[in-house]
Amino acid sequence: MNQLSEAPLGHATAWPTHFDAALLYPIARAPARAAIGIDGAPPFFGADLWSAYELSWLDPRGKPHVAIAHFTVPCETPQLIESKSLKLYLGGYSQTAFASADAVRARLRADLSAAVWRGAEHPGTVGVRLVEPDQFEHERLQELPGLLLDRLQVECTHGEPAPELLTAAFDEAPVQEVLTSHLFKSNCPVTGQPDWADVQIAYSGPQIDQAGLLRYLVSFRNHQGFHEQCVERIFMDLTARCRPIKLTVLARYTRRGGIDINPLRTSHPMQLPPNVRTARQ
């Protein structure tokens, strides 16, 4: 098992001068999931939606090409990829010749799939979509729809996740709501650098107390955890404390190193939302 302390993140690294799939550094999801009570298969569906804005490669004549890459990593994969290792891996493409964009897409799919599905009994694939320059004008900004929790005037006193702040009206009729916040912040568990995100919570069931939910989201402000782990913790805490009939948690994090990561976890099978960035991304 790869150790987080040995990952490129937090260490000085040389920029790659050639393509090398070995630069990808998978990290097992299981330990962080065990810490929040998940043993074995996770009790949710979903995926991690990655966008990479600094992808470039050479054609056979040495001319550079650029594209935006969108990756869809199923949450069932036993591994996630450490983000700096992905940046270094993608950096190697800039000095490597490929016959076509299709060849780049195929190489990305093969390497990323092998990394995240490593050790799986029935491995799958990572979704890869390249947006080339003639399609850039169709890339758009879109804010997460829903009722903004940030309108509430609340006192925030917790600096680590505080699930006891979550309550719901179990003695009243169930509701269906979509709630959002721009105020989410957690911190990288290796470097301590801040990770900023917009969060959307869609649910049906006992009505969740909105003030308590906002205070709970703000309580992650000093918490150290990868993006995927924070979203899974939110999902598990809401499930345990508020007992929703259906629940979906999506976080869209601001990019770092030309890459943004947007985990989605849901209680039920659903079509993934389009990977459309927010204004802050």
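Details of the structure are given in the entry above.
Analysis parameters
- Residues numbered from 1 in each chain as written.
- Predicted model: local features only at pLDDT ≥ 70, side-chain atom pairs only at ≥ 80, totals over all residues.
- Heavy atoms only, no water.
- Helix = DSSP H or I, 4+ residues; strand = E, 2+ residues; numbered from the N terminus.
- Rg over C-alpha atoms; globule rule 2.2 N^0.38 Å.
- Buried < 20%, exposed > 50% of the residue type's maximum accessible area, 1.4 Å probe, protein only.
- Areas by Shrake-Rupley, 256 points an atom, 1.4 Å probe, with all protein chains shown as cover.
- Lys, Arg positive; Asp, Glu negative; His and termini not counted.
- Charge placed at Lys NZ, Arg CZ, Asp CG, Glu CD.
- Pairing = 2+ DSSP bridges.
- Contact = heavy atoms within 4.5 Å.
- Core = buried A, V, L, I, M, F, W, Y, C linked by side-chain atoms within 4.5 Å.
- Expected span 1.5 Å × (residues − 1).

Thoughts on the overall build of the protein chain
Helices and strands together make up the secondary structure of the protein chain, namely five helices and 12 strands. Radius of gyration (C-alpha) of the protein chain: 19 Å, near the 19 Å computed for a compact globule of 281 residues. Referenced to the eigenvectors of the C-alpha coordinate spread, the extents of the protein chain come out at roughly 70 × 40 × 35 Å. For the protein chain, with 281 residues in total, the buried portion stands at 49%. In the form shown here, the protein chain has an accessible surface area of approximately 13200 Å², with 53% of it arising from carbon and sulfur atoms. Both charge centroids of the protein chain, one from 26 positive and one from 30 negative side chains, sit 3 Å from each other.

Brief notes about the sheet that holds strand 9 (residues 194-205)
Strand order in this open sheet of eight strands is 5-3-2-12-11-9-8-6, and the pairing throughout is mixed. Lying at the two open borders of the sheet, with one neighbouring strand each, are strand 5 (127-131) and strand 6 (147-148). Judged from the eight bridges that link them, strand 2 (residues 45-58) and strand 12 (residues 259-266) form a sheet pairing that is antiparallel. Bridge assignment links Trp50 to a residue of strand 12, and that residue is Ile261.

So, the environment of Pro64
When you line up the elements, Pro64 lands in strand 3 (residues 64-74). By relative accessible area, which is 51% here, Pro64 ends up exposed. Along the chain, Pro64 and Ala99 lie 35 residues apart, while their C-alpha atoms are 12 Å from each other. Non-local contacts of Pro64, meaning those with residues more than four positions away in its chain, are made with Ser56, Trp57 and Leu58.

Quick word on the nonpolar core
The biggest cluster of nonpolar side chains holds 33 residues, and the ones touching the most others in it are Phe184, Ile201, Leu213, Leu217, Ile234 and Leu238. For this core, the secondary structure elements donating two or more residues are strand 8 (175-187), strand 9, helix 4 (210-218), helix 5 (227-242) and strand 11 (246-253). Here this core gets seven residues from one element, more than from any other, and that element is helix 5. Setting aside anything within four residues of it in sequence, one finds Leu217 in contact with Leu149, Ser181, Phe184, Val199, Ile201 and Ile234.

Considering helix 3 (residues 101-116)
Here helix 3 contains 16 residues, and its C-alpha end-to-end distance of 22 Å stays within 8% of the 22 Å for a straight helix at 1.5 Å per residue. The inward-facing, buried residues of helix 3 abut strand 1 (26-28), strand 2, strand 3, strand 4 (79-81), helix 2 (83-91) and strand 5.

Re helix 4
In terms of burial, helix 4 is largely enclosed, as seven of its nine residues are buried. Every buried residue belonging to helix 4 is among Gln210, Gly212, Leu213, Leu214, Tyr216, Leu217 and Val218, and all of these are buried. As for helix 4, its buried residues are in contact with strand 6, strand 8, strand 9, strand 10 (207-208) and helix 5.

Here we look at the environment of Ala101
The topology assignment puts Ala101 in helix 3. Here Ala101 falls in the buried class, since its relative accessible area comes to 14%. Here the alpha-carbon distance between Ala101 and His65, two residues 36 residues apart in the chain, equals 8.7 Å. The contacts of Ala101, once residues within four sequence positions are left out, are Trp57, Leu130 and Glu132.

Nothing here speaks to function; it is all geometry.
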